[in-house]
Every structure is written in C-alpha cells, then in structure tokens.
Amino acid sequence: MVIEHLKQSEALLEGHFLLSSGRHSNGYCQCAKLLQYPDRAAAVLSVVVAKLQGIPVDIVVGPAMGGIIVAYELGRQLGVPAIFTEREEDKMTLRRGFEVHAGQRVLITEDVVTTGKSSLETIEALKKYGVEIVGIACIANRSTGDIGYPIFEAIKLDIDSWDAENCPLCKQGIPYVKPGSRKMV
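Turning to the overall build of the protein chain, a few remarks are in order. When you go through the protein chain residue by residue, the secondary structure sums to six helices and nine strands. Computed over C-alpha atoms, the radius of gyration of the protein chain comes to 16 Å, within 12% of the 16 Å expected from 2.2 N^0.38 for 185 residues, which places it in the range of a compact globule. Based on the C-alpha atoms only, the size of the protein chain along its principal axes is roughly 50 × 35 × 30 Å. The burial tally for the protein chain puts 46% of its 185 residues in the buried class. Once local pairs closer than 6 in sequence are excluded, the contacts in the protein chain between residues at least 24 apart make up 63%. Total accessible area computed for the protein chain in this model is approximately 9300 Å², and 50% of it derives from carbon and sulfur atoms.

Here's what the structure looks like:
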C-alpha cells in the first residue's frame, strides 16, 4: 500500500542525486510529493502508528523541513502535540515558543531517514531538556546501519548511495541534482 501511494504521488525519482548527507544516489524519495495529499499522508503514516502500538509517546518533534508535516500527521493520529526544530546559525534548535519538558517521551519524525543526520541533530538539541527519545518515525527508511535509536518506518527502501569520491554516476560524467532542503556547507 505504501509503495503504491509513493508511486501514485510521483515521489520515487530515478537519476543522480546529491543527498543532504553529502552522499550520492541513483534514487530519491521526494516525500513532499506524497505529503501534498493529506489523505495519502494519513494512510501512509497510519502504518507507522500501527508499529508504535504499546510505545508511549507524549510529543512528536520533527526537524524542519522534512519532519514538519510528518510530525503534524503523526501527532494528529497519536493524539499528542507536534512541534518542530529548525536551524538557527546552522544548529538545530527549538524556536517559536515550542517547549519540551524533562521526562517527556519524544518521538522524532522525518520524511526520509538515510544517515539520520537531521534526526540526530534534533535529538542533540533536545537532550538538554532531559527528555526520553523513544525512537525515530519516518515515511521511508533508507538507512543501512544502526543510528542508535529504533526506527519506525512506513516502508524500508533499498536505494544505492555512495560517497562522492566513489560515485559511479560521477565517474560516468552524469551531473547530479540536489533536491533536499538542507544547505550544503
């Protein structure tokens, strides 16, 4: 069901992509294409909610940009508040009067997890408040290793990615595009 929603939304792309992590890939999951349809977003994220049964969550927090709509929809389905972090001087932080409190059980939300960089930056921003991170929820999980927290995904995608210096697409002279929202430094 999830893959059909991604395909119908034209969210699964093929080509040569520069990921936010700095890695290169021959595929990209542009979840914004899915998230523009509230009914599809609700259906896909209900898969994640089912996986979260029995795991207490007090609040969901998503990093801007990719985690905002995901946080909202998961918060709606779980019946808990949904907030987001954003970069301020290249560092994730809570702004806009958002608060978390010691002891709260926090679910981090993302659209796609590859290296977990945005999620881990959000976790780092929240640690000082004494919260408990229960895991990371996402639409698509592209990770290949343990990033230190359980991941609750709607779908696991196996899409190739490479360090820039080992990218076969670069070696073929194929130019890349950078579809993500994070600025590269």
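Next up on the list: unusual backbone geometry. Between Ala-64 and the following residue, Met-65, the backbone shows a cis peptide bond with an omega angle of 5°. Secondary-structure assignment places Met-65 in the loop between strand E3 (59–63) and helix H4 (68–78).

What the three strands build is an open sheet, ordered E1-E2-E9; its pairing is antiparallel. Edge positions in the sheet fall to strand E1 (12–18) and strand E9 (161–162), since each of these pairs with one other strand and no more. Pairing analysis gives five bridges linking E1 to strand E2 (residues 24–29), with the strands arranged antiparallel. Counted as the bridge partner of Glu-14 is Gly-27 from E2.

So, about the side chain of Ser-143. Looking at the element boundaries, Ser-143 is found in the loop between strand E7 (132–141) and strand E8 (151–156). We classify Ser-143 as buried; its relative accessible area is 6%. Filtering out sequence-adjacent residues up to four positions away, Ser-143 remains in contact with Val-113, Thr-114, Ile-151 and Lys-156.

Attention now moves to the nonpolar core. The biggest cluster of nonpolar side chains holds 29 residues, and the ones touching the most others in it are Leu-6, Cys-29, Val-48, Leu-74, Leu-107 and Ile-139. Going through the elements one at a time, helix H1 (2–8), helix H2 (31–35), helix H3 (38–51), H4, strand E6 (105–113), E7 and E8 are the ones with two or more residues in this core. The leading source of residues in this core is H3, at five residues. If near-sequence neighbours (up to four positions away) are discounted, Leu-74 is found in contact with Leu-45, Val-48, Val-49, Leu-107, Thr-109 and Ala-137. Counting residues in hydrophobic clusters, the runner-up holds 15 residues, among them Ile-59, Val-100, Ile-108 and Ile-133.

Thresholds, definitions, all that
Residues numbered from 1 in each chain as written. Predicted model: local features only at pLDDT ≥ 70, side-chain atom pairs only at ≥ 80, totals over all residues. Heavy atoms only, no water. Helix = DSSP H or I, 4+ residues; strand = E, 2+ residues; numbered from the N terminus. Rg over C-alpha atoms; globule rule 2.2 N^0.38 Å. Buried < 20%, exposed > 50% of the residue type's maximum accessible area, 1.4 Å probe, protein only. Contact = heavy atoms within 4.5 Å. Areas by Shrake-Rupley, 256 points an atom, 1.4 Å probe, with all protein chains shown as cover. Pairing = 2+ DSSP bridges. Core = buried A, V, L, I, M, F, W, Y, C linked by side-chain atoms within 4.5 Å.

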